[in-house]
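Descriptive structure summary
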Amino acid sequence: MIDAKPVLDGHPVLSAKPDPCGSSPLSSGDMARGCETTIRTVRFYEEAGLIEPVARSEGGHRMYSPEQLLKLQLIMDLREAGLSLQDIKALFELKHRFDNAEAASKEMADVLEAQIECMQRKIAVLRRLREELACMVATIRECEQCEVPDFKKQCGGCDVMARPDLPRAMRLLWGSGRE
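Described in the following lines is the structure provided in the data block. Given the structure is predicted, the values throughout are model-derived calculations rather than measurements. (Residues numbered from 1 in each chain as written. Predicted model: local features only at pLDDT ≥ 70, side-chain atom pairs only at ≥ 80, totals over all residues. Heavy atoms only, no water.)

1. Remarks on the packing of helix α2 (residues 39-47) against helix α3 (residues 66-80)
Selection rule: Between N-to-C directions, angles cover 0 to 180 degrees, with each direction set by a line fitted to C-alpha atoms, over the stretch in contact for helices. Helix and strand assignments come from DSSP, with helices taken as H or I runs of at least 4 residues and strands as E runs of at least 2, each series counted from the N terminus. Geometric relationships in this document are graded by angle, where less than 35 degrees denotes roughly parallel, more than 145 denotes roughly antiparallel, 65 to 115 denotes roughly perpendicular, and other angles denote oblique. Throughout, a residue-residue contact means that at least one pair of heavy atoms, one from each residue, lies within 4.5 Å. Residue polarity follows a fixed list, in which Ala, Val, Leu, Ile, Met, Phe, Trp, Tyr, Cys and Pro are nonpolar, Asp, Glu, Lys and Arg are charged, and the others, Gly among them, are polar.
Axis separation between α2 and α3 bottoms out at 12 Å; the angle between their running directions is 90 degrees. The pairing of α2 with α3 is recorded here as roughly perpendicular in orientation. Listed contacts from α3 to Thr-41, Val-42 and Tyr-45 of α2 are Leu-72, Ile-75, Met-76 and Arg-79. Its residues placed into classes, the contact of α2 with α3 shows five nonpolar, one polar and one charged.

2. Comments concerning the pattern of salt bridges
Heads up, the rule is: When a carboxyl oxygen of Asp or Glu is within 4 Å of a side-chain nitrogen of Lys or Arg, the pair counts as a salt bridge. Any residue under 20% of the maximum accessible area for its type is buried, any over 50% is exposed, and the rest in between are partly exposed; the area is computed with a 1.4 Å probe on protein chains only.
Scanning the model with the defined rule gives seven salt bridges in all. We note a salt bridge from Arg-62 to Glu-46, for which the minimum N-O separation is 2.8 Å. Of this pair, Arg-62 sits in strand β5 (residues 62-64) while Glu-46 sits in helix α2, and the two are 16 residues apart along the sequence. Residue classification places Glu-46 among the buried residues on the basis of a relative accessible area of 17%.

What follows is the structure, encoded as structure tokens:
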């Protein structure tokens, strides 16, 4: 059970420790571990106004609700997907900008559909690049056996680099690059 104590920085002071069932407040460290990140990152998102502590411990440490952990995980996933802080803030604030459910839900659906389309384009590029880099890795493994004395200057004349199906990445990252 959580015993509310005096208020510190506008948050009640708590004496209970987080329970393993996830109903008690979480420390910044718990948040960081739950998101496989650092305390600094947790504080960054708090300072950005995306998460907020629900209380302070007796020692003055920030304490977060389990819902804030889920929110932070979503925020970090959205950032990893390429959304800006402003885009993420706008998503969390979108519902509150509207007076009715119809307008809010339509806008949320439109915004999310646009994000999904953007992600689909990125996924296609990442898949194509992954395949190209995998081909380069397979090709460059042959270069491990190269015995050319000055391979930096003579590399472009070898059989590997002369292949017509040479991956673009191989040609540009491993080729002479001096053109």
